[in-house]
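Observations on the model geometry
The residues making up each chain are set out below.
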Amino acid sequence: MKVLKFGGTSVGKPERMHSIANLIKGNDKKLIVLSAVSGTTNALVAISEALSANDSEKGMKLIDELFKPYFNFVDQLFSTTEAKKNGQKIIDIHYEFVKSFLNKSFGEKETKIILAEGELISTALFQEYLLEIGYKSVLLPALDFMKIDEDNEPVLTHIEDKLNPIIAKHTDAQYFITQGFIARNSNGEIDNLKRGGSDYTASLVGAAIRAEEVQIWTDIDGMHNNDPRIVKNTFPIAALTFDEAAELAYFGAKILHPSTILPAKKYAIPVRLLNTMQPEAKGTVIADQTSDRDIKAIAAKDNLIAIKIKSTRMLLAYGFLRRVFEVFEKYKTPIDMITTSEVAVSVTIDDDKNLINILEELKSFCTVEVDKNQTIVCIVGDFLEDKPGLVKKIFDALKAIPIRMISYGGSKNNVSVLINTQHKNDALNALNEGVF
Ligand code: ADP
Ligand code: ASP
Ligand code: MG
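Residues numbered from 1 in each chain as written. Chains lettered and ligands numbered in written order. Predicted model: local features only at pLDDT ≥ 70, side-chain atom pairs only at ≥ 80, totals over all residues. Heavy atoms only, no water.

All right, on to the sheet that holds strand β7 (residues 213–218) then. A sheet is described by the order of its strands in space; here eight strands give the open sequence β3-β4-β2-β1-β7-β9-β10-β8, paired in mixed fashion. The two strands at the open ends of the sheet, each matched to only one other strand, are β3 (137–140) and β8 (239–241). Here the strands of the sheet are splayed against their neighbours by 20° on average, with no regard to which way each runs. In this sheet, strand β9 (residues 271–275) lies alongside β7 in parallel orientation, the contact comprising five bridges. Opposite valine 214, over in β9, you have valine 271 as the bridge partner. (Pairing = 2+ DSSP bridges. Helix = DSSP H or I, 4+ residues; strand = E, 2+ residues; numbered from the N terminus. Axes fitted to C-alpha atoms, helices over the stretch in contact; angles between N-to-C directions.)

Okay, here's the thing in structure tokens:
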């Protein structure tokens, strides 16, 4: 079975839903993962912020603004009176549900319940549409099988154990529709896989059912060699290895949620990135191997914090790095990049939840300097030792950019540099000219 995930733009208009119904047509069984209609999750975030701030008036206004266009959406999605009526009922129910949070105490738990509405609405509408046009499809509630643990990590064994029997039960069904993004947490409450998480849902369910392939359908023809929102003349990359794609996703290529590749890689399930607006385009295939050995692509991750940690003794005594890392471990804060010198070590983190505590503890045995607004620019490819010149090419391109940290040699497919975010656009454009 294949897993096909359609993102926000791909389900963003009634005619898009019509096209994806066409796209999924075929004789084989498919598991379809849908995002919320584009704009909906952002609107739900804004509604939650208003309700958290006890601003019911603003909350009500935002709720109306979100739901009003849905009544039109339904009218254009369906043809028969019967289906239109069912569609209106779906919207009514969700509209009333979101409104029921007005004038009540509202916190993090309620925010997560509200954020789940986007995917619940899009899948309910799409399922209703497939029924209208006679597809043998069933709606599988993701909250029945998607689960994260206390550390917000997905529990793949749980997903496997729950999802496979559900699928096996529906022998007649050909299309299984489910929500991306949403999951239950360790307390059984409604939670999610963080923004952009529908990609992650697709690879998790793909791994759980040992899918033949996971397809991520979006609004661009595959992974480009650079961020198309910042750089002109980018082009799609035909093939990437799991490791290359994982680095690009982790270091900011927005087309994939940062963790998407891991479950697919575990079971060597190819991931294909495809364009809903241009289905005949080849896109990008992510698999075990590619034949290309060169610089493949560049991505950038913002909002990083650089911490320079200097040993108060003259030299980096043994045991010093262990003590440093233990502090980050204690506060469950991952380190993205690291460089060392004789007397100091610099690290970057992107989770600042425990920054104050981390700094406090580090200061008990070293001196620290903190720089915010940092960006990692990550150059991904196959940097074999027998390919001299690649690194020169990179730094020649970056000659006008002030660089704070450099990381090379950690893996054979990544060179990363840390720069101030103000230089990001220049760096991405300079690299685009210099290395491709
Ligand atoms: P979806 O809603 O389908 O999940 P996203 O907006 O999350 O879509 O991801 C697709 C977008 O990612 C593209 O429209 C593009 O602007 C952006 N993007 C950023 N970096 C890249 C890249 N390297 N290759 C392709 N797209 C990228
Ligand atoms: N709807 C969610 C978001 O906008 C998840 C996703 O689209 O992947 O972040
Ligand atoms: Mg996305």
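Following the structure, the description resumes.
Glancing now at the packing of aromatic side chains. Counted under the stated rule, the structure contains 10 aromatic pairs. Ring centres 5.9 Å apart and planes at 20° place the aromatic pair phenylalanine 6 and tryptophan 217 in the stacked group. Placement of the pair is phenylalanine 6 in strand β1 (residues 2–6) and tryptophan 217 in strand β7, with a sequence separation of 211 residues. Here phenylalanine 6 matches tryptophan 217 in class, with each residue buried. Of the aromatic side chains, those joined through ring pairs into one cluster are Phe67, Tyr70, Phe73 and Tyr95. Its guanidinium or amino end placed over the ring of tyrosine 267, arginine 210 lies 3.8 Å from that ring's centre, counting from NZ or CZ. Here the basic side chain of arginine 323 rests over the ring of phenylalanine 365, its NZ or CZ set 4.1 Å away from the ring centre. (Phe/Tyr/Trp six-rings, centres within 6.5 Å; stacked < 30°, edge-to-face > 60°. Buried < 20%, exposed > 50% of the residue type's maximum accessible area, 1.4 Å probe, protein only. Lys NZ or Arg CZ within 6 Å of the ring centre and 35° of its normal.)

What surrounds ligand 1 is a group of 15 residues, the closest being Lys5, Thr218, Asp219, His224 and Lys254. Taking threonine 218, its side chain carries an N or O atom lying 2.7 Å from an oxygen atom of ligand 1. Contact between ligand 1 and lysine 254: an oxygen atom at 2.7 Å from a side-chain N or O atom of the residue. Calculation on ligand 1 without its partners gives an accessible area of 570 Å², and the protein chains cover 87% of this total. Tallied by class, the residues present in the shell around ligand 1 amount to four nonpolar, six polar and five charged. (Near = heavy atom within 4 Å. Polar contact = N/O pair within 3.5 Å; in protein donor to acceptor, adjacent residues only side chain to side chain. Areas by Shrake-Rupley, 256 points an atom, 1.4 Å probe, with all protein chains shown as cover. Nonpolar A, V, L, I, M, F, W, Y, C, P; charged D, E, K, R; others polar.)

By themselves, these figures tell us nothing about what the structure is for.
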